[in-house]
Each structure stands twice: as C-alpha cells, then as structure tokens.
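# Structure assessment
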Amino acid sequence: MDKYLIAHDLGTSGDKASLFSIEGKLVKSYTASYKTHYFHNNYAEQETEDWWEAICRSTKEIVKEIEPEAVLGISFSSQMQACVVVDEKGNALRPVMIWADQRSGEQMEKLTEKVGADRMYEINGHRPSASYSIEKLMWIRDHEAEVYQNTYKMLLAKDYIICRLTGKFVTDYSEASGTDAFDLKGMEWSEEVLSAAEIPTDKMPELHASTDVIGNLTAHAAEELGLAVNTKVVCGGGDGPCSALGAGSTENGQMFLSYGTSAWIAGTSDEVFLDKDRTLICFGHVIPGKYMPCGTMQAAGNSYSYIRHAMCGEEEVTAEKEGGSIYDVMNRLVEQSPAGAKGLVFLPYLVGERSPRWNPDASGSFLGIRMEHEKCDYIRAVLEGVAMNLGIILEKQRENGEIQELVLTGGGAKGDTLSQILADVLGVRLHRLDHVETATSVAAAVIAGIGVGVFKDFSVVDQFVKREKTFVPREEYKPVYDHQKKLFEKGYECLLDYYKMSAEE
Ligand SMILES: Nc1ncnc2c1ncn2[C@@H]1O[C@H](COP(=O)(O)OP(=O)(O)O)[C@@H](O)[C@H]1O
Ligand SMILES: O=C(CO)[C@@H](O)[C@H](O)COP(=O)(O)O
C-alpha cells in the first residue's frame, strides 16, 4: 500500500488540505474557505467552528480515493499571532482575534511601559504590538472578565485544531515566537514578559519542536476527518517559518518573499537576529536551532481581495462565465493600465501596518485621483502600492547584506502580472516556485514526515520544491517607479497626523 502525509495550511482565507506521497509528490489538494469578520475599525475575528468545518471537509475531500490507514501523519502550517481562548475541555470561549486584529493598542502601551521597548525586543525579537497574541489576551482580561476567568489556556490557530484532534494543549517554538511572550534565546515562555503582562505562565500551552508527535487522533476526531485512529498528529509550525522551509530557505542568508493575505520578505539565520532600530522582526524557525529574520506587511493579497469585493462585480460575472479565477480577470485588466497607473498611488494600510512602519492607526488610501483614472488604473495601483511597500521592507533587509534575488512563493504569486510588477518595482530577480500556493504545505508535509520517521531530516525539502519561472526587472520601468516611490513615501508622511486624528475616539 502507498503511504501518505497530510498537510493543512490553516491560512487567513481558508484551510488548504494537501495529500503528499512519502516520495514528495503532491497527490491532491482542496481548499475550504472561511470568512474573516472585520468590524469596529480595527477588529478582525474568525470562528473556530469555521476552521473545524474547513479542516473536516478538506480532509475528507483529499482522502476519498485512498485507504485511511495509508495516511501516516498529519501536520500544520498555521496563520500566526492568533489568540484562541479555551476552557479545560478545549472549547473556544469567544471568536478568535486573528493576527490582523489591532484593538489591543492600550495593552501594548502598558506592556511597553513596564518592560521597556528595547527589552521587549531583546527578549522576543519583536517589538510590542497589538498584532501579537499576548496583547490580545490582555485585552480579553481587561474587557471580558468572565471569558478570561474561564480561560484554561491561550492557544494559537493550529494548536486549537491539534487540541480538538488529540485533546492536548500544545504549541511549537515557531508559533510561540509570534506571541510577544517568548524568550527567543532561551526558547521558553518569558517569565519577565508574562509577569509584566500579569498573565500566569500556566495559561500558555506546552512547548514542542515542530516535528514532535503530539499524539494519535481521538476516535471522535478520526471519524469526523475520515481518517484512522492511529494517524499521528505532528505539531507543525507558523506559516511564516513554514514558508521559509517551503521556499527552500534552510541556510543562512537564503532570502524569499511570501505573498499571501499578508506578505513578508525573510530569510534564515543561525542566530537570533536583532535589528538596530527594531523595525524588522525575528521568529523561531521550524528547523531546530535556526531563526527567521523577517519584515512583514499586513495587507498584500488582502488589498487585492478588498478591491475585488469593492469594485469588481462585473469581473466576478466574467470569471464565472469563463470558469476561471476572478484574479485572472483582474490581472488582465491590470495589463490595460500603464506602469505607474497614470500617477495613481495606493497606500496599502487597510489593517494598519507592521514592519517597518509599525503604525496600527494607518489606513488605506488612493492618492492623486484624476478624471482620467479608470478601474484598470485603480487595480494596477493596488498591486504597485503593495509592491512599493514590500520595497521598503527589502531596503531594510538590505542593510544586513546585498540582495539581488528572492525566491517567490505564496498564493498571491500565482499570476504572472503580479509577479512581474513585483520584480519591476523591487528591482530584483524573482524565482517563482511551482505550486506557489502549496509551499507552506510542503513544509508541513516535511515536518509530518520527519515526525513519523519516514524522512531523515529537513534536506528532503529539495525533493518537493522546484523553481518554475524567473521574473527579471525591466530597466525601462525604473524611472516611473522611482518617481511613484517618492510619491508613495511623501503621501504616507503627509497622512501621519490624519491617521492619529482618525484613531481618536
Ligand atoms: N491569480 C492571482 N493573482 C493575484 N493574486 C492572487 C491570485 N490568486 C490569489 N491571489 C491573492 O492571494 C491571496 C491568498 O493567498 P494564499 O497564500 O493562498 O492564502 P492565505 O493568505 O490564506 O494563506 C488572496 O488574498 C488573493 O488576493
Ligand atoms: O503575518 C503573519 C506572520 O507574521 C502571518 O502568519 C499571518 O498569520 C497571516 O498569514 P497568511 O494568511 O497571509 O499566509
């Protein structure tokens, strides 16, 4: 009987389940989407029941044609920085505050005051921010006393699913490094941060390596997923560090760009990386003993989805008629607008911003609107605005070493139009991987395989990952993008007071 591994990419837009053969071949994948509820200006929540339904549906779909016993293990790549509060039975006590939720600004300030901004960064490899889990848990304590009182553990996204699959309350080091309460050098929960936050350490889950087997599926979970009870559940990691492994970034300095709902430019390092002005961040890698220096923006693919929903009703109809993706129809429209979108500039701060701006109050805008601008210009401006913002992250990363090329991955990189715009604006060669949308799943499959003992080590990832196409920056567009970048920067500076004012009650 052939043997398989299951990888779940529990992302922001949905859960992608992938079935891999133990030889490294992607056999089948299926995405079950779910909603994010954005409200009250800076709240962003998802429902644990939606995640669970997506996990069950997508798993059943990919194992339809195989024997359940042929699946050796199941693991995860998970959206990070969530705050899932559960009782002793693992029941979720409220909707999940996801990474994009920025409501806990006040808690961030309190924590900064007590621990100190420099010290927070030195401990965590992250500055205090409303996007991290511990600030979110503090918010729940301060605003929902009853929920907090009943909270047995705070879990991250995939860890909630693991709890439902095995009954265990765990997380891995890479996810823990996205909580703002993790001592990155000591690889343990930070007593210093937790005591300043006034959160007892026993509310945090047990720490594990990404490749640790957490347990077998419970009988109930096995039935809901259509799998066998002896299927092993392997811990897995955060989607940031998983994307590093999936992009083949396993050694010092191998840099990549992951473009999903959010986006990041990151690499691998043998040591904890601390940035002199604290704008870049550092996660624990899924490979033990390694780290992932990273600069991350909040709304990349998210900006594209926003404009899709706000403006592209007609294109939805066309896509339906053609039986293709709405994004392909939008990409065609982008080609009708010239580089620079006739001077239209988009600031992609729809859910505030992380590195390097670290401004939760920033919001999105189109600047320089003229009578001549059409829908195609708006859509192009969105892609260019995201690319220019990634350009700022790239410049920050360049302070630590020359970067001429990046591996490109993530669901947003599927289209050639977007990939070429990225290459032109960033001015670097981009090597796009095949199956960009499954790179983090590849990592989860590798982790599952190591966990259940069919793979020796992480080098097996080379069997799974192939470069599909290279995008070379086109020199002729440099002048127009250099000018747009100046407008982009000036636009942000001019709006700083506006952001502050708009955040005041
Ligand atoms: N063909 C395409 N061209 C451009 N962007 C795309 C395309 N397909 C999907 N996207 C973008 O990719 C994002 C989803 O990225 P993905 O990595 O699959 O999901 P997640 O962020 O949930 O992990 C969506 O927000 C969408 O805007
Ligand atoms: O922003 C981060 C990590 O810093 C991501 O982990 C988010 O969790 C969302 O991931 P995608 O859904 O965009 O892949």
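Predicted model, so just to flag it, every value in this text is computed and none were measured. (Residues numbered from 1 in each chain as written. Chains lettered and ligands numbered in written order. Predicted model: local features only at pLDDT ≥ 70, side-chain atom pairs only at ≥ 80, totals over all residues. Heavy atoms only, no water.)

### Remarks on the overall build of the protein
Rule in force here: Only DSSP runs of H or I reaching four residues or more are called helices, and only runs of E reaching two or more are called strands; each is numbered from the N terminus. Here, residues are in contact when the closest pair of their heavy atoms is within 4.5 Å. Areas reported as accessible are Shrake-Rupley estimates using a 1.4 Å probe. Residue values count occlusion only from the protein chains shown.
Tallying secondary structure elements over the protein gives 18 helices and 25 strands in all. Viewed in the frame of its principal axes, the protein has a C-alpha envelope of about 65 × 55 × 45 Å. In the protein, the proportion of contacts linking residues at least 24 apart, taken out of those at least 6 apart, comes to 71%. For the protein, the computed accessible surface area is about 19,600 Å², with 48% contributed by carbon and sulfur atoms.

### Some points on the site of ligand 1
Let me state the cut-off plainly: When we say a residue is near a molecule or strand, we mean one of its heavy atoms is within 4 Å of it. Think of a polar contact as two N or O atoms within 3.5 Å of one another; within protein, one of them needs to be a possible hydrogen donor and the other a possible acceptor, and neighboring residues in sequence only count if both atoms come from side chains.
Taken together, the neighbourhood of ligand 1 is formed by 17 residues, with T12, S13, T261, G301 and S305 sitting nearest. A distance of 3.5 Å separates an oxygen atom of ligand 1 from a polar atom in the side chain of Y327. The separation between an oxygen atom of ligand 1 and a polar main-chain atom of G412 is 3.4 Å. Relative to its unbound accessible area of 580 Å², ligand 1 is 86% covered by the protein chains.

### Observations concerning the sheet that holds strand 8 (residues 96-97)
The cut-off we apply is this: When DSSP finds two or more bridges between two strands, those strands count as paired.
Across the sheet, three strands lie side by side as 4-5-8; this open sheet has antiparallel pairing. Strands with a single pairing partner mark the edges of an open sheet, and in this sheet they are strand 4 (37-39) and strand 8. Bridge count for strand 5 (residues 43-46) against strand 8 is two bridges, and the pairing is antiparallel. Note that in strand 8 the partner of Q46 across the bridge is V96.

### Some thoughts on the UniProt feature "domain: Carbohydrate kinase FGGY C-terminal" (unreviewed entry) in the protein
Stated precisely, the cut-off is as follows: UniProt positions are given in the numbering used here, feature names are shortened, and annotations may be inferred rather than shown by experiment.
If you check UniProt for "domain: Carbohydrate kinase FGGY C-terminal" (unreviewed entry), the listed places come out as residues 257-450 in our numbering. Here residues 257-450 is 40% helix and 18% strand, with 25 Å between the C-alpha atoms at its ends.

### A few points about the site of ligand 2
Applied cut-off: We call Asp, Glu, Lys and Arg charged. Ala, Val, Leu, Ile, Met, Phe, Trp, Tyr, Cys and Pro are nonpolar, and the rest, Gly among them, are polar. Domain borders in the structure are assigned automatically or taken from a domain database.
Around ligand 2 lies a shell formed by T12, Q79, M80, Q81, W99, D239, T261, S262, W264, F283 and R354. Here an oxygen atom of ligand 2 sits 2.6 Å away from a polar atom, N or O, in the main chain of M80. Take S262: an N or O atom from its main chain is 2.8 Å from an oxygen atom of ligand 2. Taken by itself ligand 2 offers 370 Å² of open surface, and the protein chains cover 94% of this. Each residue belonging to the shell around ligand 2 can be placed in one class, and the counts come to four nonpolar, five polar and two charged. When residues of the shell around ligand 2 are sorted by domain, at least three fall in each of domain 1 (4-235) and domain 2 (248-505).

### Focus: the sheet that holds strand 19 (residues 281-284)
The test is simple: Each axis is a line fitted through C-alpha atoms, and for a helix only the stretch in contact is used; angles between axes span 0 to 180 degrees, taken between their N-to-C directions.
The strand order across the open sheet formed by seven strands is 19-20-18-17-23-24-25, and the pairing between neighbours is mixed. Edge positions in the sheet fall to strand 19 and strand 25 (467-471), since each of these pairs with one other strand and no more. Each adjacent strand pair in this sheet contributes to an overall mean axis angle of 30°, direction not counted. Relative to strand 18 (residues 263-266), strand 17 (residues 256-259) runs antiparallel, the two being bridged by four bridges. Bridge pairing in strand 18 links Y259 to A263.

### Focus on the pattern of salt bridges
Test applied: One side-chain nitrogen of Lys or Arg within 4 Å of one carboxyl oxygen of Asp or Glu is enough to make a salt bridge.
What the rule picks out here adds up to 41 salt bridges. Residue E374 is joined to K342 by a salt bridge in which the shortest nitrogen-to-oxygen separation is 3.6 Å. Of this pair, E374 sits in the loop between strand 22 (365-367) and helix 14 (375-398) while K342 sits in the loop between helix 13 (326-334) and strand 21 (345-347), placing them 32 residues apart in sequence. Between E405 and R429 there is a salt bridge, with its nearest N and O atoms 3.2 Å apart. With E405 in strand 23 (residues 405-409) and R429 in strand 24 (residues 429-433), the pair connects residues that are 24 residues apart, well separated along the chain.

### Structural notes on the UniProt feature "domain: Carbohydrate kinase FGGY N-terminal" (unreviewed entry) in the protein
When the UniProt feature table is mapped onto this chain, "domain: Carbohydrate kinase FGGY N-terminal" (unreviewed entry) is found at residues 4-246. With 35% helix and 27% strand, residues 4-246 has its two end C-alpha atoms placed 18 Å apart.

### Topic: the domain arrangement of the protein
For clarity, the cut-off: Two parts placed together each lose some accessible area under a 1.4 Å probe, and the buried area is that loss summed for both.
Annotation of the protein at the domain level lists domain 1 (4-235) and domain 2 (248-505). For domain 1 versus domain 2, the separation of C-alpha centres amounts to 23 Å. With 46 residues of domain 1 at the interface, the matching set in domain 2 holds 41 residues. Taken over both partners, the interface formed by domain 1 and domain 2 buries close to 3,700 Å², and the fraction arising from carbon and sulfur atoms is 65%.

### Description of helix 13
So the rule is basically this: Remark: exposure states derive from per-residue accessible area (1.4 Å probe, protein chains only) relative to the maximum for the residue type, with buried under 20%, exposed over 50%, and partly exposed in between.
Considered for burial, the residues of helix 13 that qualify are I326, V329, M330, N331, L333 and V334. Where helix 13 is buried, its residues touch helix 11 (301-311), helix 12 (313-322), helix 14 and helix 15 (416-426). The backbone nitrogen of Y327 has a side-chain oxygen 2.9 Å away, supplied by the residue at the start of helix 13, namely S325.

### Some thoughts on the packing of aromatic side chains
In plain terms, the rule: Ring geometry is summarised as follows: Phe, Tyr and Trp rings, the Trp one being its six-membered ring, pair when their centres sit within 6.5 Å, and such pairs are stacked at plane angles under 30 degrees, edge-to-face over 60 and tilted between the two.
Under the criterion given, the structure shown has 14 aromatic pairs. Taking 5.2 Å as the distance between ring centres and 65° as the angle between the ring planes, the aromatic pair formed by F39 and Y43 counts as edge-to-face. Using a relative accessible area of 31% as the deciding quantity, one classes F39 as partly exposed. Overall, the relative accessible area of 19% leaves Y43 in the buried class. Between F346 and F366 the ring centres are 5.0 Å apart and the planes differ by 45°, which places this aromatic pair in the tilted class.

### As for the packing of helix 13 against helix 14
Selection rule: We call two directions roughly parallel when the angle between them is under 35 degrees, roughly antiparallel when it is over 145, roughly perpendicular when it lies between 65 and 115, and oblique otherwise.
Contact geometry for helix 13 and helix 14: axes closest at 8 Å, N-to-C directions at 105°. The angle between helix 13 and helix 14 places the two elements in the roughly perpendicular class. Facing helix 13, whose interface residues are M330, L333 and V334, helix 14 presents K375, C376, I379, R380 and L383. Looking at side-chain class alone, the contact of helix 13 with helix 14 contains six nonpolar, no polar and two charged residues.

### What about the state of the cysteines?
For the record, the criterion: Any cysteine sulfur atom paired with another within 2.5 Å is treated as part of a disulfide.
The final tally for this structure, using the stated rule, is zero disulfides. Unpaired in terms of disulfides, C294 finds its nearest cysteine sulfur in C282, a separation of 9.0 Å. Judged by its relative accessible area of 1%, C294 is buried.

### Considerations on unusual backbone geometry
The amide bond that connects S355 to the next residue, P356, takes the cis arrangement and shows omega of -5°. Note that P356 resides in the loop between strand 21 and strand 22. Its identity is not glycine, yet Q81 carries a phi of approximately 65°, on the positive side. Here Q81 is to be found in the loop between strand 6 (71-78) and strand 7 (84-86).

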